[in-house]
Every structure is written in C-alpha cells, then in structure tokens.
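Per-entry structural report
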Amino acid sequence: MLDKTFSPSSYEEKFYSAWENSGLMAAGSRADATPYTIMMPPPNITGSLHMGHAFTFTLQDILIRFYRLQGRDVLWQPGTDHASISTQMVVERQLEQKNLSRYDLGRDKFLEKVWEWKAESGGMITHQLRRLGASPDWSRERFTLDEGLSAAVRYVFIKLYREGLIYRDKRLINWDPKLQTAISDIEVENIPTQGSMYYFHYPLENKSGEFITVATSRPETVFGDVAVAVHPEDERYQYLIGEEVRHPLTNKLIPIVGDLHADPEKFTGAVKITPAHDFNDFEVARRHGLALINILDENATLNENVPSEYQGLDRFVARKKVVEEMQAKGLFEKEEASLIPTPHGEKSGVVIEPWLMDQWYVDAATLAKPALQAVEQGKTKFVPHYWENTYFEWVRNIQPWCISRQLWWGHRIPAWYGPDGRVFVALSEAEAHKDAALFYKKDVSLTQDEDVLDTWFSSALWPFSTLGWPEETPEYKRYYPTDVLITGHDIIFFWVARMMMMGLHFTGNVPFKTVYINALVRDEKGQKMSKTKGNVVDPLVLLDTYGADALRFTLASLAAPGRNVKFSQSHVEGYRNFATKLWNAARFSEMNGCVFDPQFVPYDLKVSINQWIVSQISTLSHEIKTALEAYKFNEATHLLYHFVWGTFCDWYLEFCKPKFVSEGEEKIETQKTVAWVLDHLLRTLHPFMPFLTEALWENLHPEEGLLMGVSWPKAIETSYTEASEDVSWLIQVISEVRSIRSEMNIPAAAHLTLSFYDAAPETHRRMRDYEDLLLRLARLRHIKAYSESLSQEDTKSAVQGVVNEATLLIPLAGSIDIEAERERLQKELKKALGEIEGLEKKLSNDDFISRAPQEVVETQQKRLEEARLARIKLEQALARLFG
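Attention here is on the structure that accompanies the text. (Residues numbered from 1 in each chain as written. Predicted model: local features only at pLDDT ≥ 70, side-chain atom pairs only at ≥ 80, totals over all residues. Heavy atoms only, no water.)

On to the overall build of the chain. On a plain count of helices and strands, the chain comes out with 29 helices and 29 strands. Expressed as lengths along the three principal axes of its C-alpha atoms, the size of the chain is roughly 105 × 65 × 55 Å. Counting every position in the chain, which comprises 883 residues, the buried fraction comes to 54%. Taking the contacts inside the chain whose residues are at least 6 apart along the sequence as the reference set, 77% of them involve residues at least 24 apart. About 39,500 Å² of surface is accessible on the chain, with carbon and sulfur atoms providing 48% of the total. Of note, the chain has its 98 positive side-chain charges centred 1 Å away from the centre of its 124 negative side-chain charges. (Helix = DSSP H or I, 4+ residues; strand = E, 2+ residues; numbered from the N terminus. Buried < 20%, exposed > 50% of the residue type's maximum accessible area, 1.4 Å probe, protein only. Contact = heavy atoms within 4.5 Å. Areas by Shrake-Rupley, 256 points an atom, 1.4 Å probe, with all protein chains shown as cover. Lys, Arg positive; Asp, Glu negative; His and termini not counted. Charge placed at Lys NZ, Arg CZ, Asp CG, Glu CD.)

Once that is clear, we can look at unusual backbone geometry. Residue Pro 384 is reached from Val 383 by a cis peptide bond, and omega for that bond is -5°. Looking at the secondary structure, you find Pro 384 in the loop between β15 (381-383) and α11 (387-396). Of the consecutive residues Trp 469 and Pro 470, the connecting peptide bond is found in the cis state with omega at 15°. With respect to the element layout, Pro 470 can be found in the loop between α14 (462-465) and α15 (474-479). Its identity is not glycine, yet Asn 251 carries a phi of approximately 70°, on the positive side. Residue Asn 804 is not a glycine yet carries a positive backbone phi of 55°. Relative to the helices and strands, Asn 804 resides in the loop between β28 (798-803) and β29 (806-811).

Right, let's get into the packing of aromatic side chains. Remark: the centre distance and the inter-plane angle together describe each pair of aromatic rings, the angle taken between the planes. Summed over all chains, the structure comprises 53 aromatic pairs. Lying across the ring of Trp 19, Arg 65 places its NZ or CZ 4.3 Å from the centre. The residue whose ring lies beneath Lys 321 is Tyr 310, and the NZ or CZ to ring-centre distance is 5.3 Å. (Phe/Tyr/Trp six-rings, centres within 6.5 Å; stacked < 30°, edge-to-face > 60°. Lys NZ or Arg CZ within 6 Å of the ring centre and 35° of its normal.)

So, on to the sheet that holds strand β7 (residues 188-203). Judged by pairing direction, the sheet is antiparallel, and its 3 strands sit side by side in the order β8-β7-β13 without closing on themselves. What marks the edges here is a single partner per strand, and that holds for β8 (211-216) and β13 (332-345). Across the sheet, the mean angle separating the axes of adjacent strands is 20° when strand polarity is ignored. The pairing of β7 with β8 spans 6 bridges and is antiparallel. Bridge pairing in β8 places Tyr 199 opposite Ala 215. Sheet contacts for helix α9 (residues 315-328): β7 and β13; angle to β7, the most-contacted strand, approximately 20°. (Pairing = 2+ DSSP bridges. Axes fitted to C-alpha atoms, helices over the stretch in contact; angles between N-to-C directions.)

A separate point is helix α25 (residues 761-769). Along α25, the positions that sit buried rather than exposed are Thr 763, His 764, Arg 765, Arg 766 and Met 767. Those residues of α25 that are buried lie in contact with α24 (721-743), β26 (752-757), α26 (771-777) and β27 (780-785).

Following the criterion strictly, the structure yields 1 cavity of 30 Å³ or more and no others. Approximately 40 Å³ is the volume attributed to the largest cavity. For the largest cavity, the full set of lining residues is Phe 6, Pro 8, Glu 12, Tyr 546, Gly 547, Ala 548, Asp 549, Ala 550, Arg 576 and Ala 579. The set of elements that each furnish at least two residues to the lining of the largest cavity consists of α1 (8-22), α18 (548-557) and α19 (569-591). Partitioned by chemical class, the residues of the lining of the largest cavity number 6 nonpolar, 1 polar and 3 charged. (1 Å grid on protein atoms, 1.4 Å probe; cavity = no way out; pocket = protein on both sides within 12 Å on 5 of 7 lines; lining within 4 Å. Points joined across faces, edges and corners; volume = space filled by probe spheres on them. Nonpolar A, V, L, I, M, F, W, Y, C, P; charged D, E, K, R; others polar.)

Before going further, it helps to spend a moment on α24. The end-to-end C-alpha distance of α24, which contains 23 residues, comes to 33 Å, matching closely the 33 Å that a straight helix rising 1.5 Å per residue would cover. Asn 745 lies just past α24 and shows a positive phi near 60°. (Expected span 1.5 Å × (residues − 1).)

Everything listed here is a matter of coordinates, which is why it stays silent on function.
Pasting the structure below:
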C-alpha cells in the first residue's frame, strides 16, 4: 500500500541509485536502435547548480527520457569544463589565506594544487545534477582537460596553425588588470557607472586662437591620441578635415580625419581617436593608417609612452591629474555628470581595459563561412526559428578570435620559441626540438609559450572530441553528428557558432541537427537574478523543500518561446500539489482494488466511462509525443496537468465511485481500466516527473523492474466515438450547473431541479443513461427533458444555460432570493465598470507609462484584465437571470 503522502526525500536517492546501477542510462545497449544524442553543455567544475543549469538540464533530461522510452539508443554525453579563470581564482584564494601566491609555488606545483582541488571539490555540480534527476551516461563522463580531449585540442591547434588559420597578431583585447589576463567578451559586464564627460579644447594648427572641442569619459588616455575624427558630412567640421591639431599635453601634431564613427548628434560631434585603448578607435586607425600608442602597462598604470610626471600613476589618479593640467592650460571647457556604461570583469569586478598586445588568434572569418551556409541551407535548424537571425548577425560580422590567456590552468599552447624568437608549433616538446634542430642545424634551447588557450577553444570541440575524435572510434561513427543542442541565447556566438565552425572544418558535418534555444530564467518580476538585488532563487533549496519533480515540471511549464521566463516559487508549490494529487489518486485507486492485469487490453469495453478514458489517454500520449518532438515543453506540461487534475482525478475517478461500490463485471472492468490508464499515464509523465512516476510504477508493477526501462505507451485504436461524445456532454452539463451555482450564490447543499428544453432524441437518451451521475455530481433533485421550446412562463424565477442544442432551465425559487441576487450582481457590475474605466484612463496616460516602474505598469495591466473578466462573468450571470 502506498504511503499516505508522497515524500520526495523518501524516494529520490533510492530511485536514482537504482537507475544508475541498472545500466539503463548507458548508451550502446540497443545496437539495432536508431541513435539519439545530446551533448550536455559542460558546467564549470567550480560551479554550483543555479536556475539556468536547472532549466536547461531539465529540458535535456525530458528529451533523453522521452527518446529512451521511444526505444532509441540514447547517449546524453556528460562532462565538465576546466573553467580556467574561475578554477585558478579558487585555488589562488586558498593560497592567499596562507600568504602565498602562485608565483611562490611555481607553475608545476601550482598546477598540482589545482588538480588536488579538482579531485576533492570539482565533482559537486555532477552530484547536484543527480539530485535534479538528470540521467546521462555517467560512465562516459569527460573533462575538458582529460588526456583524450587535450590530445584533440593539440591536434586542432597544430592543424589550424599549419593551415594559416591560427596566427600571432597585435590587436586590442579585453585586459583584466587584476587577473592579469585577456578575457572574452562574455566575461565582461558593462555596468552603468556614475562618471563624467570632460570637454577639452584641442588647438588648431595654423589657425591662431581656434580650437576643436572633444568630449571624453577617460581623460587618462589622451596620451594615446593619434587623431580627432569628425563625421564627413558634418557641416560644422567639413572644412577642417585634413587639418591638424596641436595635442594639448604632448605638443604633437595629430590629424583631423573624416570618419563615420563620429556621431554629429553626440556631445560635440568630434571625438579623439585613441586606437590602443578603444575598440572603435582601433578600427578607425586601421581605416586611416594611424599609429597605435599603448600608454598603459599590465597593471593599468601609465607606462613609458607618457610624460615622465605621469609614468607609474594609476589610471584613475592620472585621470584627475590630466583634468587639472587641462584646466591650468585654459583648455578645459566643462565637466558633465553622466551615467557611463563601463566594462567590468565578471570574475574580478575591476574595470577592464582595452589593451594592445600580442596574442594568438583564430581566423574566425574563414571558418565562419561554412558555418553560415550550413544554417542558411537548413542543415542545422534553430528552435525558435528567429534565433537564426542572432546567429547570422554574429557570424556575418565575426572578428578574429583571441584564443590565448595569461593563465596557468588550462590547455597550454603547444608552441615553443627558439633563441631568436622563432616559433615551433608541435604536438610535443620532443617534436618541437626535432623541428628546431632541422631549422637551426643544431640542438638549441626552446621555451614553451606561457599562455593557455581560451576555455571556449576546447569547448568548441566538445561534440566530437568527447567521442574519441580525432580517432575514428565506434562512438564517433555512431553518435556524431548529434541530434539537438539545448542552450541559452547568450552563448549563441561564444559556443554554438564556434562548435559549428570547428565541427564543419574538422569533421565535414554539422555538430547538431537542431539548436533549441531556451529562455533565460528571471525572477517573478522579470528582472535578472543577482546577489546584489537579493532576488536569486537557489534551486537546491527548492529541491529540498518541494522535491525534484515539482521543480522540473515547473521549469518545463515555463519553456515557452521567448528571451526570458518569469520564475515564481509559488509555481513550484503548485506543481508539488499536482504531484500530491496524482499520488492520492493512485492511492485511492489501490484502495479500491485497481490492480494491473497484464492480460487486459481495452478493446471490448462495455462501460462508457471506461471507453471514454481509454480514448482520452490514447489521445494524450499522441499529443505529448507530438509536442516533445516539436520542443513544445510547455504545451506538453499543460496537457498533462489538465489530464491528471481534471480528466483523470476530477472526472473519471468520480465517475468510477459508483462502480467501485457495486458488484459484477462492470466493477471488474472499471478496476482494470483504472490500473491500465495509470500505467499509460505514468509512462507519459515519466520524462517530466521521474521520481514520482517511478515510485507509483513500483507499486503498480512490483515485479516488472524500473519504469525508466519500459516503452512509450502504444497507440490504442478504438471505436469508442459514441462514449466519448456522451461523456463530453455529461461533463458539459455538470459544469454548466456548477457554474450557475457559483454565479448565483446557490448554497452547495441545495438540490435543484434541471429541465432540458428543445431536447433532441440524443439528449433524451443521454439523460436517461447518465441520470445517476448527473443527480450525484450536479447535486440535482430531479431531471426532466422536453422536446418543445421554453415558454415565457417557464423562465420566471429561473436561470438558463445552454448545452449543444438544448436549453437548460433551473428554477431558483426557494433556493435564493432572486431580486436580492440581481441587485448584488448589478452592484458588482457597476463597481467593475468603474474600475475598468479608471485603469484604462491610467494606462492610456503616456506620462504614467513613462514614469512608473515596469512592475507597477504590469500590475495595473493585470488588474485591468481581471476587471474585464469579472465584468464578462457578471454580465453572463445577469443574462441568465433576465433570460
């Protein structure tokens, strides 16, 4: 017998251990089946489960469990990412507590410490994924720094280098002065910061007393100025293009150039060009052949390329000094307070500097061409389709990809330098020495490049390197290309596009046939979750409080197309109640003798309610299959919720109660049908709520093994059309009577009389066949049916409804005070109309819309919708009373 209540904590660990030990998660056990592959986006080894993880991994697991039930040879490839910056920071913080730095240990000893940390703490995220119910093939778990993947990384680097697609270049990068490394764009947060715009006069050469005024938020970079740019069509400055200005602090002459980068509508319309410290200015310099002057060192202090009195100053100290000197020279016009988007390191929290330095780059533009064509030609499809536009925008405007990082933890770049700086790229140091000896005609000392590769470089190889590539392994041949990638729109460029580029270049195939872009999880007001706002929802707390199934079902229900989804804890609580509802229904069924009969096949059922529910569950299984194949997770959960709560629990089991207390064949048929329907329902619901369904399955099938290993419900071809139509009519009539009771405030204990007018012969038959259920569930005293129409006399002191062709009439005399009820409804309608008028006026006020916070506007809009819905219901109730 099932426990009285469902306690997730009592079952989750038990069943997860059973799944993992059963071997059912492992790929390859169905040699004759069609493969189905998803590559798990590898979470960082430093990570802890957050809502983004919970969302994307829930959706992936739903598909994996669904296709496993479909009989496919499923591979969900798990693994973790070495996360160069995050992991190195964790270990460096530990060293700081001992007053040590990585430099005190040296590279080899420091890396030993990192591997020790990884062994002790790096598996936390995978244990948390188990708590969520994720069912990948853990026996194939990979790590982006394991030897197999490292070999693939070296192979790719060397091949691209020899093809001229990897090279060294001096370009601008995002430099983190705290972490002392280049970082990628995704690791940069542009934070609106209170600052100032400073207006400086640059004296015109050969035009005594004249100057051009520029505005800048970064005065400390003036020493790197190489030009002033104006828009070529800006009439104020056209005559100055080609002239020169005298730099106010260095006294050097710099040109005035015409360039579209200058915006006539912003500030003065003239901008100083500092190409070594601004990405846009860097492109201006390339267009005009301007010099690049780097005025900062790796610590963001001013270097030897500035006047001696500024050398060694912190950038922000130098900013203040520059302003003071410009004021002293009479070349300072004004300072305007301004909110300025300022790049900060996501990990370090410090202001990031665009910095000019030598780095390793990938010729991304060349690799991007096949990746662009593959999506244009439909070889890889995006779901929702419109995310292709984001992909196209990135890929068509792609820049060289900086792949080197000034870190120790990661894939060390396989390049060695000779005595004269010549580079030798090879698979190993021994091969590099061999190449160097051939070049120099003697053995020489070589020094390996100190940098490691961008983490995204190894991640770009994930779909095929995890399968043993570059070897032609059986796994690579069978499971590549993969079926679907599920990820967020924020890494379409950083990860999706790069996997497409690498996959096509090295395997000749797209890495995945479909890219499903899940929305990003926001709080219930639609705001980004952040610790500073205090609105972060911890999925581990939700798992403890409500269980994995409730959280999974909630997340799947939110998986509608869009950029963001609003998450509320109340949703999880609601779906916990949903799980409890099904548990109670299964327990009720068990208490009423509903035992599964493996010989039972519902083809020749005699009882109409059983015929109806078999049709309903067969339709449900087909609709869920169709929804999941189209990645419509939210539609699938909607169908399941309404079937379980409404169709099965509220209707079918209520219809069954008289059968359970009877004797004979109809009782036996009903008991077997209930168990059969439960069997089908558990199979269909399993991908979404695996723990709950596995617990109920064990109770329903104590000898049959795990639900995870069975098949999807088989389609039942039935001809129960009449029963389906009859029971649909029955539900409509009961629902209409219940609505009338609610609208008219009729006491629940009052038993009413129901009459059908204009009733067709079919309605007469149905009324006779289902009289007992109508009387019991609609709480009626008598039921009558008339073929003729209503008379005016009949409608007095009565309320009406309509089902199909028939008019329903319920006399109210003796049940309620009709005039008092009419007065109440009219009063409430007047109140609703007044509220609607006030809200419509407020929401049509542009001033209110522009000033009010977004959440206030949304609240008012929701109130308006509720008021309009109330008005409709009140008008319907009055219409019933007036006939």
